[in-house]
Amino acid sequence: FFQAEDGIRDHCVTGVQTCALPISSVLFNPSVGGYAVTLSNTSTNTYGYQWLFGDGTSSSSISPTHLYSTKGNYTVCLNSNQNFCPPVSSCKSVSVGTSLGMPTDSVFLKLYNSLSLFNLNKVIQNPVDSGYLIAGQDDNCGECSSPLFIKTNKNGQVQWTRNFDYLYDVINIEYFDSGYVFLSDNSEFSLTKIDLNGNIVWQKYDGIFGNKFLFTFSDTRVGLMINKDPLEVTIYDENGNTVTQKSYDLGGWDMNFLSFARTSDGNVLLNGQYGYNFPGPGGGNHAQFDSYDQIAAKMDVNGNFLWMNGIYQNTYCSQNGTPLQNSAGEYLFPGRFYEPTASTYFYYISRFDGSGNYLDSYSIDSLKGDYTLFMTAANNVAVVSRPQDPVYDSLRVITMDNSFNILSSKKAIAYNCSKSTKTYDGYLATAFTYFDGGTFVEYPALYKMNISANSGCLDGNIPPISYAAFPYVYTMGVTSTSPLYAATDTIAGCAAKYYRDTSVCRKIGRAHV
């Protein structure tokens, strides 16, 4: 065929038929918002549309909106038919995910747009296949939620999902003995061990709701702490058998451990808080109102406290983040201090020597939120800040040496982040919530990025601020007493609780066969 100057296609030959037709044009305009691409079809004299989105999916809608699952550049093509003539097409390149504010050194960014998951708790990586497990809650009944796990391979591609609909609110989850062990806080089932395929291996039933804490010493020892008075500690082996039990009299205090880290000598650091009525166990200066102080402690594999320190906080704080042993053998404990004169919170890191003696504390300007600490490949300290209410706007990462000198910093826009993890190949992985403004639906996303590259800056200047006269740190201790808690056999305990519906117990019973 050939085209005349008057805009009419002079001849279009299809078989033996000759026709004179208006010009057909295939045109479209893409509009990108995060992972969503809206495609406005402005074609003329065409019909029968086929969109190829460049990710292996397609659509026959006239002007579709497509939600991608991975950040990247995609070639979008529109194929269309025209009367008596061969199909015509047009292609354009679109960049997806670049408007999310992610650093340019991202390894991958995956959006799971077919899954609903909220209150993202944690992402962990296992050493067997280097895959990731994203832990969160699934709103499955309108007024309650149950643990939902997303297992991916090392590239973030989903392998399986599991929903444990008779448990509530996953609080802690750790890799343990070629599988995972997790704690369901608001359920009478405390610990649940699953394999790498999400199948239940064993469960522990304690009949106590709320205020529990999970920590692992190794792949063969896991601890369960019931935060009440007395403070109950039970250590289990990899098969769920009780190894030892400890109980500590708190003298009426409210003690609540929140995070832990393993030490090089096979023990654990415990970071938490406790509350009391004035005067507190640390002595004076508590003169305004009842308070919570930070508690920094070390526990051995038999459940014995090796040392314990109180750090004045003057606030109820759920943001005493993950502690760390640095390359110098010192212990770092993140916390949050309320300064009433300035009416503001200071996020800080307190440093102790290997024997638990207090050294100093540092606050980092503009780095506010729940801290996760871990070591980089260069033996520096990485601090990942997960902002909390009312911001929830970004993930902030710095690296610093053992003297708190800032080496690098970056900021990534990521809402409602989970606790992050260091990957086995030296990167940072976190899960966050992606909000689709078009459908008002939230989707979970998995993000892997370089830790230390300077691809972005935090707000303003970020030199560490040393507390020259830090509110006092004091040694303290708790008294050992006879354990009141006795581990209940899983089957018998389940039958006692679910006597109206023993199908739950039969499901658990099969896991022990």
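Residues numbered from 1 in each chain as written. Predicted model: local features only at pLDDT ≥ 70, side-chain atom pairs only at ≥ 80, totals over all residues. Heavy atoms only, no water.

**Focus: the sheet that holds strand β4 (residues 36-41)**
As a reminder, the rule being used: The pairing criterion for strands is at least two bridges between them, as found by DSSP. To qualify as a helix, a DSSP run of H or I must reach at least 4 residues; to qualify as a strand, a run of E must reach at least 2; elements of each kind are numbered from the N terminus. Angular values range over 0 to 180 degrees, each being the angle between N-to-C directions of two axes fitted as lines to C-alpha atoms, with helices fitted over their stretch in contact.
Pairing in this open sheet of three strands is antiparallel, and the strands run β3-β4-β7 from one edge to the other. The outermost strands of the open sheet, each flanked by one partner alone, are β3 (28-33) and β7 (65-67). Neighbouring strand axes in the sheet, compared pairwise and without regard to direction, differ in orientation by 20° on average. Relative to β7, β4 runs antiparallel, the two sharing three bridges.

**Some points on the pattern of salt bridges**
Under the convention used in this document: Salt bridges are counted wherever a side-chain nitrogen of Lys or Arg sits within 4 Å of a carboxyl oxygen of Asp or Glu.
Evaluated as defined, the whole model comprises seven salt bridges. The shortest N-O distance in the salt bridge between D129 and K151 comes to 3.1 Å. With D129 in the loop between β11 (118-125) and β12 (132-138) and K151 in strand β13 (residues 146-152), the pair connects residues that are 22 residues apart, well separated along the chain. R351 is paired through a salt bridge with D360; the nearest N and O atoms lie 2.7 Å apart.

**Examining the packing of aromatic side chains**
Put simply, the rule is: We call Phe, Tyr and Trp rings a pair once their centres come within 6.5 Å, taking the six-membered ring for Trp, and we label the pair stacked below 30 degrees between planes, edge-to-face above 60, and tilted otherwise. A simple rule labels every residue: compare its accessible area, found with a 1.4 Å probe on the protein chains alone, to the largest value its type can have, and call it buried under 20%, exposed over 50%, or partly exposed in between. Working rule: Lys NZ or Arg CZ, within 6 Å of ring centre, within 35 degrees of ring normal, means a charge sits over the ring.
Applying the stated criterion across every chain, the model contains 17 aromatic pairs. Look at F149 and F182: their rings are 4.9 Å apart centre to centre, the planes differ by 75°, and that puts the pair in the edge-to-face class. In this pair, F149 is assigned in strand β13 and F182 in strand β16 (residues 179-184), connecting sequence segments 33 residues apart. Classification of F182 by relative accessible area gives buried; the value is 0%. Measuring from ring centre to ring centre gives 4.0 Å for Y362 and F404, while their planes differ by 20°; the resulting arrangement is stacked. Taken together, the positions of Y362 in strand β30 (residues 358-364) and F404 in the loop between β33 (394-400) and β34 (406-413) put the pair 42 residues apart, joining distant regions of the chain. Accessibility expressed as a relative area gives 2% for F404, which makes it buried. The structure contains a cluster of three or more aromatic residues connected by ring pairs, namely W307, Y331, F333, F352 and Y358. Against the face of F28 rests K92, its NZ or CZ located 5.3 Å from the ring centre.

**Re the nonpolar core**
For clarity, the threshold we go by: As used here, the term nonpolar core means buried Ala, Val, Leu, Ile, Met, Phe, Trp, Tyr and Cys residues forming a set that is joined through side-chain atoms within 4.5 Å. Two residues form a contact once any of their heavy atoms are found within 4.5 Å.
Of all hydrophobic cores here, the largest spans 34 residues; its most connected members are F215, M225, M255, F257, L270, M299 and F305. For this core, the secondary structure elements donating two or more residues are β19 (212-216), β21 (231-237), β23 (254-262), β24 (268-276), β25 (291-299), β26 (305-311), β28 (331-339) and β29 (344-352). Here L270 is in contact with F213, F215, M225, F257, S259, F260, I295, A296, A297, M299, F305 and F333, once residues within four sequence places are set aside. Formed by 33 residues, the second largest nonpolar core is a distinct cluster that contains Y35, Y49, V384 and Y443.

**Some thoughts on the confidence of the model for the chain**
Do not read the fine detail of predicted coordinates wherever pLDDT is low. Selection rule: For every residue, the predictor assigns a confidence score, pLDDT, that lies between 0 and 100.
This prediction gives the chain a mean pLDDT of 76; 69% of its residues lie at or above 70. Considering only residues more than four positions removed or in separate chains, one finds that residues 504-513, a stretch of pLDDT under 50, has 21 contacts.

**Re the pairing of strand β31 (residues 370-375)**
With six of its six residues buried, β31 lies for the most part within the structure. With burial as the criterion, each face of β31 is covered, one bearing D370, T372 and F374 and the other bearing Y371, L373 and M375. Summarising the sheet, β31 and strand β32 (residues 381-386) pair through six bridges and their orientation is antiparallel. Across the sheet, T372 pairs through a bridge with V384, a residue of β32. Between β31 and β32, which pair antiparallel one after the other, the connecting turn spans five residues, and N379 there sits at a positive phi close to 65°.

**Quick notes on the pairing of strand β5 (residues 47-52)**
Looking at chain direction, β5 and strand β6 (residues 58-59) are connected through two bridges and run antiparallel. Note that in β6 the partner of L52 across the bridge is S58. Counting the residues between successive antiparallel strands, the hairpin from β5 to β6 contains five residues, one of them, G54, with a positive phi of roughly 85°.

**Concerning the sheet that holds strand β40 (residues 479-481)**
Here five strands make up an open sheet; going across it, the order is β19-β20-β21-β22-β40 and the pairing antiparallel. What marks the edges here is a single partner per strand, and that holds for β19 and β40. Strand-to-strand twist across the sheet, computed as the mean angle between neighbouring axes with direction ignored, equals 25°. The sheet contact formed by β19 and strand β20 (residues 221-226) spans five bridges and is antiparallel. In the sheet register, F215 faces β20, and the bridge partner there is G223.

**Some points on the side chain of T322**
Mapped onto the elements of the fold, T322 is located in the loop between β26 and β27 (324-325). Dropping the residues within four chain positions of it, T322 is found in contact with S259, F260, P334, Y371, T372 and L373.

**Regarding unusual backbone geometry**
For S178, which is not glycine, the phi torsion reads 55° and is therefore positive. Its location among the elements puts S178 in the loop between β15 (170-175) and β16. On the accessibility criterion, S178 (45% relative accessible area) is partly exposed.

**A short note on the environment of L67**
Inspection of the secondary structure puts L67 in strand β7. Judged by its relative accessible area of 17%, L67 is buried. Placed 32 residues apart in sequence, L67 and Y35 show a C-alpha to C-alpha distance of 5.6 Å.

**Notes on the environment of T475**
Inspection of the secondary structure puts T475 in strand β39 (residues 473-475). Residues T475 and W307 lie 168 residues apart in sequence; the distance between their C-alpha atoms is 8.0 Å.

**A short note on the environment of W253**
Here W253 shows up in the loop between β22 (242-249) and β23. Put simply, W253 and G275 are 22 residues apart on the chain and 5.8 Å apart in space, counted from C-alpha to C-alpha.

**Brief notes about the side chain of R351**
Note the cut-off: Polar contact criterion, stated in full: a pair of N or O atoms within 3.5 Å, where within protein one must be able to donate a hydrogen and the other to accept it, and residues adjacent in sequence count only if both atoms are side-chain atoms.
Inspection of the secondary structure puts R351 in strand β29. Given a relative accessible area of 10%, R351 falls into the buried group. Within polar-contact distance, the side chain of R351 engages the backbone oxygen of N402 at 2.4 Å. Residues contacting R351, with those up to four places away along its chain left out, are E330, Y331, L332, N357, Y358, L359, D360, Y362, N402, S403 and F404.

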